[in-house]
Amino acid sequence: MTVPFMEENDQTQARREHLEALRTLVGNVYPNKFERSNVTDTPAGEDTITSIVAAFKQYEPKVAEGERPVAEALEFANGELNKIRVRVGGRLAAPPRVMGKAAFVHLSDGVSRLQIYVRRQDVVGLSNDAEGGEVNGWELFGLLDHGDFIGVEGYLFVTKTGELSVHVEKLQFLAKALLPMPDKMHGINDPEIRQRQRYADLIAGSLKLERDENDLTPREVFTLRSNVIREIRRFLDERGYVEVETPMLTPLATGAAARPFKTHHNTLDIDLFARIAPELYLKRLVVGGFEKVYELNRNFRNEGISTKHNPEFTMLEFYMAYADVNQMMDLHEEMMRSVVKVATGSTLVPYDTFDWDSEMQSVRERHQIDFGSPFQRLKMTEAVFNYWDQYWSKRPSELNGELFEVPWLSDPFKVVALQKFVIDIDSSVDQVMRDDQSADPAEVFDSLKDSTWQTALSQTFSTQPTAIASAESLVWLFEHIAEPHLIQPTFIIDFPKPVSPLSKASPSDPSVAERFEYFVGGLESANGFSELNDPEEQYQRFKDQVQQRERGDEEAMVMDEDYIRALSYGMPPAAGIGVGIDRLVMLLANKSSIRDVILFPHMRPERKKEDDETAGH
RNA sequence: GGGCCGAUAGCUCAGUCGGUAGAGCAACUGGCUUUUAACCAGUGGGUCGCAGGUUCGAGUCCUGCUCGGCUCACCA
């Protein structure tokens, strides 16, 4: 009998033959349970490989690299260890090293490894039939393959080389690995296999003999992720926040600028959307009296897939009544510091970025991200101005300072013109460089900048830019010029109001929203603001959004009448924030792809072999 | 969707100018009763991603396709 979808080769064939021989020997080859001993301190009272190693590793005699412990040290350790009997289950972490009438092999529980020693004359096999009984243990051992699960019972000892081991006296077969295990030195390198078959990735990571100290194993990445989420909940719970769950399937997709997934409810016969953000539901709860409320769960956006985007991603949103955007930034800063410290053990986190040099080779640059110092706070216009020189340093150039003075960035007309200028001169310089590769980019830039700027100004003048266009141009300039440089934790404040339809205006400047985005590692990682609670103004902002949508902006928001009704009952002043958890984990795990921190990232479905015959027609 | 790169044994990878498909690990057989990436001797394993083309001859050259990676556009 064969399993569907499994490729057959000499290795699977051998494993299958071993399985049939085991069936003859022990009966049931997939027994229902294995009772473990309880000599170590574990939450569930069952010894694991990790708990045994943690409890008894200390008995290994300490010797210098490459040397063997002296006889007295071994004798002392074994005097203590031989009294301890354990019963523990695990996966064979390597092919057994058989030496005639005895063998060594390591067992793994996914985290740790523990060596077992099996001697022909000492080992008894256990039958898995209902009536139990004993079988030939050495024969049973001979039928095991790399990756099989077994249970062992025996006493602890240290070998001549000083390694903690179990001297096995009883051996029980627990489950078969029909597929061969990954290479013990290299693991799995193909990212496609690692992501599609995360189980294989996890196994390979736990069985790999050598590890790169700069690189977390998959198991460690996802444990880190779990720790981050636990600490966020603890941090908020401790401060009186209530965790809630609001609808994932909603009649309107709103609360953010994004395209939604659409589905259908049969009984109600209505279309529903997978939520793009829980924001408006959470603020309804603030109206209803939850002064501190949070939700930590998935959002869905029907957009492109990339190293920074997965169609479903995990977001934390929380709201605090009676607070404004500044208090929210303070709280977020405190939370980040706490989460980073708990998850990584330090407030200094190494993070690598990758850039391309002139020969198109990937160059790694290592940063130390400092969560301990106060986070930088920069106005959006300041950020554009600050990083303007670094943007153009890609092709080194003496910039004409007066052309790009910062006050221009608050002039809506010139902001639009500046965006045009950047786009045009980028492509003009590229054009010239393609035709004449020996040209000096800085000289090309200087020769073109005045005429390009004049063209941009006159074209902008003829199009009569709106407030929205100006706001979008500023954001564009910010994203292209400043964002990649925001490696250290930074709050960008003073967003243009037209791109912030749910946030309150600043009391000092009505064209500016009291909103921030939080950047770290060059990635946007959180977004918060003083929540707009005036129902009449919110109604007007929705109407502006609807107009934009009618002009073809698929990501503009829709009118949410019930939300206006909710605000009309009165919402206290409040600040809110959304935090991208996947990106936070990417940063702490030092991973440049979101797919490395999501267990099962979305990918195009695998095609079956037989379909290939029709491919290409 | 555009551009660049990749796909060869179960895994990690070589494969020169177009001339019989290779290595290490893994597997199989035999030996070895405290090994450490165990060792020693031997054996088997391939639709070179898929389809077509050029050629006396294609893993290698050309075209199309599939899947993946990076990148640009869109976004968080």
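Analysis parameters
Residues numbered from 1 in each chain as written. Chains lettered and ligands numbered in written order. Predicted model: local features only at pLDDT ≥ 70, side-chain atom pairs only at ≥ 80, totals over all residues. Heavy atoms only, no water. Helix = DSSP H or I, 4+ residues; strand = E, 2+ residues; numbered from the N terminus. Buried < 20%, exposed > 50% of the residue type's maximum accessible area, 1.4 Å probe, protein only. Pairing = 2+ DSSP bridges. Polar contact = N/O pair within 3.5 Å; in protein donor to acceptor, adjacent residues only side chain to side chain. Contact = heavy atoms within 4.5 Å. Axes fitted to C-alpha atoms, helices over the stretch in contact; angles between N-to-C directions. Near = heavy atom within 4 Å. Nonpolar A, V, L, I, M, F, W, Y, C, P; charged D, E, K, R; others polar. Salt bridge = Lys/Arg side-chain N within 4 Å of Asp/Glu carboxyl O. Phe/Tyr/Trp six-rings, centres within 6.5 Å; stacked < 30°, edge-to-face > 60°. pLDDT = per-residue confidence, 0-100. Arc of directions from axis to C-beta.

**Concerning unusual backbone geometry**
Of note in this structure, aspartate 269 is not a glycine but carries a positive phi near 50 degrees. For aspartate 269, the location among the structural elements is in the loop between strand 11 (262–265) and strand 12 (270–274). Residue classification places aspartate 269 among the exposed positions, given a relative accessible area of 56%. Phi at aspartate 494 takes a positive value of approximately 60 degrees, unusual for a residue other than glycine. Position of aspartate 494 among the secondary structure elements: in strand 18 (residues 490–496).

**A closer look at the pairing of strand 18**
For strand 18, the buried fraction is high: six of the seven residues fall into the buried class. Sheet analysis places strand 17 (residues 376–379) next to strand 18, joined by four bridges and oriented parallel. When the sheet's bridge partners are listed, arginine 377 is paired in strand 18 with phenylalanine 491. Here six bridges tie strand 18 to strand 19 (residues 512–520), and the two strands are oriented antiparallel to one another. Residue pairing across strands places isoleucine 492 opposite glutamate 517, the latter belonging to strand 19.

**Focus on the side chain of aspartate 148**
One can find aspartate 148 in the loop between helix 4 (137–142) and strand 7 (149–158). Engagement of the side chain of aspartate 148 in a polar contact is seen with the backbone nitrogen of alanine 177, the distance being 2.9 Å. If we skip the residues at most four places from it in the chain, aspartate 148 touches Arg15, Gly90, Arg91, Leu92, Leu143, Phe173, Ala175, Lys176 and Ala177.

**So, the sheet that holds strand 9 (residues 242–243)**
Sheet strands associate in pairs through backbone hydrogen bonding, adopting either a parallel or an antiparallel arrangement. The sheet built from eight strands is open, its strands ordered 9-13-14-21-20-19-18-17 with mixed pairing. Because the sheet does not close on itself, it has two edges, and the strands there are strand 9 and strand 17. Taken together, the seven bridges between strand 14 (residues 312–321) and strand 21 (residues 574–580) define a ladder with antiparallel strand orientation. Paired with tyrosine 319 across the strands is glycine 576, a residue of strand 21. With respect to the sheet, helix 7 (residues 218–238) is in contact with strand 9, strand 13 (292–300) and strand 14, its orientation differing from that of strand 13 by roughly 155 degrees.

**Thoughts on the protein's contact with RNA strand B**
Within the structure, RNA strand B sits among 56 residues, and Asp10, Arg97, Thr161, His309 and Arg583 are positioned closest to it. Sugar plus phosphate, as a fraction of atoms of RNA strand B within 4 Å of the protein: 57%. Within the side chain of lysine 184, one N or O atom sits 3.0 Å away from a phosphate oxygen of RNA strand B. Note that a sugar or linking oxygen of RNA strand B is positioned 2.4 Å from one of the side-chain N or O atoms of arginine 583. Residue contributions to the surface near RNA strand B peak at four residues, all from helix 1 (residues 10–26). Of the residues assigned to the surface near RNA strand B, the class counts are 17 nonpolar, 17 polar and 22 charged.

**A look at the sheet that holds strand 12**
Taken in spatial order, the three strands make up an open sheet running 10-12-11, and their pairing is antiparallel. Single-partner strands in this sheet number two, and they are strand 10 (249–250) and strand 11. One ladder, built from two bridges, connects strand 10 with strand 12; its direction is antiparallel. By the bridge assignment, threonine 250 is partnered in strand 12 with phenylalanine 273.

**Comments concerning the pattern of salt bridges**
Evaluated as defined, the whole model comprises 36 salt bridges. Salt-bridge contacts for glutamate 554 lead to arginine 259; the nearest nitrogen and oxygen are separated by 3.7 Å. Pair noted here: glutamate 554 is in the loop between helix 14 (535–550) and helix 15 (561–568) and arginine 259 is in the loop between strand 10 and strand 11, with a separation of 295 residues, a long-range link. Of the residues examined, glutamate 554 reaches a relative accessible area of 52% and is grouped as exposed.

**Quick notes on the environment of alanine 343**
Residue position: alanine 343 is located in helix 9 (residues 325–344). Among the residues examined, alanine 343 registers a relative accessible area of 16% and is labelled buried. Distance in space between the C-alpha atoms of alanine 343 and leucine 224 is 6.0 Å, their sequence separation being 119 residues.

**A word on the packing of aromatic side chains**
According to the stated counting rule, one finds 14 aromatic pairs in the structure shown. Measuring from ring centre to ring centre gives 6.2 Å for phenylalanine 371 and phenylalanine 375, while their planes differ by 70 degrees; the resulting arrangement is edge-to-face. What makes phenylalanine 375 buried here is its relative accessible area of 6%. When the ring of phenylalanine 491 is compared with that of phenylalanine 516, the centres are 5.2 Å apart and the planes differ by 90 degrees; the resulting orientation is edge-to-face. Here the residue phenylalanine 491 occupies a position in strand 18, and phenylalanine 516 occupies one in strand 19, the gap between them amounting to 25 residues.

**Some remarks on the confidence of the model for chain A**
Interpretation of this model should avoid reading the predicted coordinates in detail wherever pLDDT is low. On average, residues of chain A score 88 in pLDDT, and 91% of them reach the 70 mark or higher. By mean pLDDT, the top-scoring element of chain A is strand 9 (98), and the lowest-scoring one is helix 11 (residues 412–435) (78). Residue range residues 609–617 is modelled with pLDDT below 50. Its contacts to residues more than four positions away, or to other chains, number three contacts. Confidence metrics for the complex model read pTM 0.91 and ipTM 0.90.

**Looking at helix 15**
Within helix 15, burial applies to Tyr563, Ile564, Ala566 and Leu567. All buried residues of helix 15 lie within an arc of 155 degrees about the axis, which places them on one face of the element. Within helix 15, the exposed residues directed more than 90 degrees away from the buried face are Glu561 and Arg565. Contacts made by the buried residues of helix 15 are with helix 8 (279–287) and helix 14. Between the side-chain oxygen of the N-cap and the backbone nitrogen of aspartate 562 there are 3.4 Å, and the N-cap of helix 15 in question is aspartate 560. With its phi angle positive at about 100 degrees, glycine 570 sits one or two positions after the end of helix 15.

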